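# Observations on the three-dimensional arrangement
Listed below are the residues making up each chain.
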Amino acid sequence: MTRRIGIRTRGQGLYEITRQVQDAVTEAGVDTGLCTLLVQHTSASLTIQENADPSAQRDLEAWLDRLVPENDPLFTHTAEGADDMPSHIKAALTATTLSIPIVGGRLGLGTWQGIYLWEHRHRGSNRNCLVHVS
Amino acid sequence: MTRRIGIRTRGQGLYEITRQVQDAVTEAGVDTGLCTLLVQHTSASLTIQENADPSAQRDLEAWLDRLVPENDPLFTHTAEGADDMPSHIKAALTATTLSIPIVGGRLGLGTWQGIYLWEHRHRGSNRNCLVHVS
Amino acid sequence: MTRRIGIRTRGQGLYEITRQVQDAVTEAGVDTGLCTLLVQHTSASLTIQENADPSAQRDLEAWLDRLVPENDPLFTHTAEGADDMPSHIKAALTATTLSIPIVGGRLGLGTWQGIYLWEHRHRGSNRNCLVHVS
């Protein structure tokens, strides 16, 4: 089963999608299996991160922002805005696809793990994530 | 179905393999499913990136090259050449495996997404990528 | 089939788990298929890296340690120790899930590839990795 999850982002940051992904697994009715995610964009990405303390997500975001600053004189791909090329780099350094085993009808995540869509552009956008359950 | 894709690289850079991967999916005759890629090397990697403007790929390559320079005094693993250890690091920071849902017999990529083999070594090489379709 | 692999780590570094993963594949009795791994933690990660020369693993570890130093004034998530936030960042920059095609009952890895659990925290811990074989 393949299903599309739409996520409306409101700017840079991590948006938790664990519930929507679990809903797709539940809908598929799979007890033991595999759930695979693909974010269909090159300026957003996926990550599995700590879901307990929002400060971890903020620090992660701030650290990556400092590692890949805008207006780097090295950049030639600038026509789509100062945040576009950093977004592609951030996407390459994190994940575009994730595969999560399903155990007893649930995503086999650890206690402190959540699945996040990571928006790298300043302005909000409608992001799509493909979910495959087998 | 598992198939091996061979890619002849001519030095550092991104080599698009979307068509070869789609050919493997078409050959498998799978309508709804999953396509998984593994690059069988530790000095090359995989990425899903923007396929429209080659400047994005060039900037990505140049940025990662600057982040992981050769001849870092920290390196002790130098017997295989100055570009070997940076290649392992670049591979660790990007992807060795990718999993892409198949929808209607096609890779479920977004409009601007292409699949690339990323060669990290200076000299060209014959690279192998395993493709599994189910 | 889903199986849990437990890894006892003794501090920061790469711990090879290729044999344990191959054992799970062998136990599943799958000839052509897919093996997917998820590390169930946000301060440890997975990587496929060179298995021949331990100096490559040491350099990789040292390089990432320097890229993501502790006690960065940017960090606000500090309650769990100075090595906690760097661990989350290192996990985000490497892999949490990996999918490896199975060919002839064996993991389809290249000759020089091994699968590693990457411990990012100073103190040892009991780490869990879910393995799904289909």
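Residues numbered from 1 in each chain as written. Chains lettered and ligands numbered in written order. Predicted model: local features only at pLDDT ≥ 70, side-chain atom pairs only at ≥ 80, totals over all residues.

Another aspect to go through is the nonpolar core. Ranked by internal contacts, the top residues of the largest apolar core, which has 114 residues, are A:Val21, A:Cys35, B:Val21, B:Cys35, C:Val21 and C:Cys35. The residues contacting A:Val21, other than those within four sequence positions of it, are A:Cys35, A:Leu37, A:Leu107, A:Ile115 and A:Val131. (Core = buried A, V, L, I, M, F, W, Y, C linked by C-beta atoms within 7 Å. Buried ≥ 20, exposed ≤ 12 C-beta atoms within 10 Å, placed from the backbone. Contact = placed C-beta atoms within 7 Å.)

Let us look at the packing of helix H3 (residues 84-93) of chain A against helix H2 (residues 54-67) of chain B. At a minimum axis separation of 10 Å, H3(A) and H2(B) run at an interaxial angle of 60°. Between H3(A) and H2(B), the angle falls in the class oblique. Both H3(A) and H2(B) take part in a crossing whose hand is right-handed. Each of A:Met85, A:His88, A:Ile89 and A:Ala92 in H3(A) lies in contact with H2(B), whose residues at this interface are B:Ala56, B:Asp59, B:Leu60 and B:Trp63. Each residue belonging to the contact of H3(A) with H2(B) can be placed in one class, and the counts come to six nonpolar, one polar and one charged. (Axes fitted to C-alpha atoms, helices over the stretch in contact; angles between N-to-C directions. Helix = DSSP H or I, 4+ residues; strand = E, 2+ residues; numbered from the N terminus. Parallel < 35°, antiparallel > 145°, perpendicular 65-115°, else oblique. Left-handed = near helix turned anticlockwise from the far one by under 90°. Nonpolar A, V, L, I, M, F, W, Y, C, P; charged D, E, K, R; others polar.)

Superposing chain A onto chain B requires a rotation of 120° together with a translation of 0.0 Å along the rotation axis, leaving an RMSD of 0.0 Å. Classification of the inter-copy transformation places it as that of a three-fold axis. Taking C-alpha positions as reference, the residue of chain A nearest the rotation axis is A:Leu93, located at 3.3 Å. By residue overlap, the copies meet through two different surfaces: only 10% of the interface positions of chain A are interface positions in chain B. (Least-squares fit on C-alpha atoms with pLDDT ≥ 70 in both.)

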